[in-house]
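Here's the letter readout for the chains.
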Amino acid sequence: MVLNTFDRIRALPMAYQTVMALYLCQRMVPNYELFHHVTGFGDPKPLHGALNACWDWVWQEKSVKVNFARWQEKVDDVTPSEHGHDMLGVYPAMDACTAISTLLQGLLDQNSADLVSVAKVSQAGVAKFLELTEGAELDAQERRKLLREHELVQYEIEVQQAILNYLETVAAATDKPTKELVSQVRAMVTDEGVSNIGVNMSDENVVED
């Protein structure tokens, strides 16, 4: 039986599930940064701070203490609401915050289901973005076809499966993530160069860590 993406994530050791979730969160942050750049709302720094703390924690868990609940509060404080923001960009920005908050909740509770949910948030965010843009004027059947065949949908699935392929291979050989692995995975996000909805990470709106 061929496992789907979410089943494959569940099958990973929790530390590698965390790396997967961090990777997906990191590539959603440019969506928030673009929204912040256009509207002036919020602040990307808590998003970067939370992810940086988790990246450090995931490979040196016993020697680094992270207050996941406090970081979650900081992210929640800068999370936009669709009420008061009449622009499509609010939804990908909300999704980025939701993904990071879900990751933090998973680490706080040591709950694997939340880490799997990050992948679902990323995929659903792509679908919602397309529904509101290219799919806005389509009928139900055409919209379903769009969400099945669009290059952003296909790319999101391919990206998740590619990082899974890599993490499954590493996890089979190494019990826990190493500093080198974390550096490699973070570099993958930079090398990829675009967010899950195609926002270019080299744009002036993207803030460096």
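Residues numbered from 1 in each chain as written. Predicted model: local features only at pLDDT ≥ 70, side-chain atom pairs only at ≥ 80, totals over all residues. Heavy atoms only, no water.

1. Here we look at helix α2 (residues 14-26)
The line we're drawing: Going along the chain from the N terminus, every DSSP run of H or I of four or more residues is numbered as a helix, and every run of E of two or more is numbered as a strand. One fewer than the residue count of a helix, multiplied by 1.5 Å, yields its expected span. Only protein chains enter the accessibility calculation, which uses a 1.4 Å probe; a residue is then buried when its area is under 20% of its type maximum, exposed when over 50%, and partly exposed in between.
Between its first and last C-alpha atoms α2 spans 18 Å; for 13 residues at 1.5 Å apiece the expected length is 18 Å, and the two agree. Most of α2 sits out of view: 11 of its 13 residues are buried. If you check which residues of α2 are buried, you get Tyr-16, Gln-17, Thr-18, Val-19, Met-20, Ala-21, Leu-22, Tyr-23, Leu-24, Cys-25 and Gln-26.

2. What about the side chain of Thr-5?
Quick note on the threshold: Whether two residues are in contact is decided by their heavy atoms: any pair within 4.5 Å suffices.
Secondary-structure assignment places Thr-5 in helix α1 (residues 5-11). Assessed through its relative accessible area of 9%, Thr-5 is described here as buried. With near-sequence residues (within four places) excluded, Thr-5 lies in contact with Gln-123, Gln-160, Gln-161 and Leu-164.

3. What to know about unusual backbone geometry
Residues other than glycine seldom take positive phi values, yet Gln-110 does so here, at roughly 50°. Owing to a relative accessible area of 43%, Gln-110 belongs among the partly exposed residues under this scheme.

4. Quick notes on helix α10 (residues 179-192)
Its 14 residues give α10 an end-to-end C-alpha distance of 20 Å, which sits within 8% of 20 Å, the value for a rise of 1.5 Å per residue. Residues of α10 that are buried make contact with α2, α4 (45-59) and α9 (151-173). Residue Gly-193 follows α10 closely and has a positive phi angle near 80°.

5. Focus on the pattern of salt bridges
Heads up, the rule is: For this analysis, a salt bridge means a side-chain nitrogen from Lys or Arg found within 4 Å of a carboxyl oxygen belonging to Asp or Glu.
Applying the stated rule across the entire model yields six salt bridges. Across the pair Lys-145 and Glu-149 runs a salt bridge, and its minimum N-O distance is 2.9 Å. Linking Lys-145 with Glu-149, this pair stays in helix α8 (residues 140-149), spanning four residues, or about one helical turn. We classify Glu-149 as partly exposed; its relative accessible area is 45%. Within this structure, Arg-27, Glu-156 and Glu-192 form a network of salt bridges that share partners.

6. Overview of the packing of aromatic side chains
Convention followed: Side-chain rings of Phe, Tyr and Trp (the six-membered ring for Trp) are treated as a pair once their centres are within 6.5 Å; stacked means planes under 30 degrees apart, edge-to-face means over 60, and tilted covers the remaining angles. Any Lys NZ or Arg CZ found within 6 Å of a ring centre and within 35 degrees of that ring's normal is scored as a charge over the ring.
Counted according to the given criterion, the structure contains two aromatic pairs. Their ring planes at 90° and their centres at 5.2 Å tell us that Trp-57 and Phe-68 sit as a pair that is edge-to-face. Of this pair, Trp-57 sits in helix α4 while Phe-68 sits in helix α5 (residues 68-77), placing them 11 residues apart in sequence. Over the ring of Phe-6 we find Lys-120; its NZ or CZ atom is 5.4 Å from the centre of that ring.

Functional significance is not addressed by these values, which are geometric in nature.
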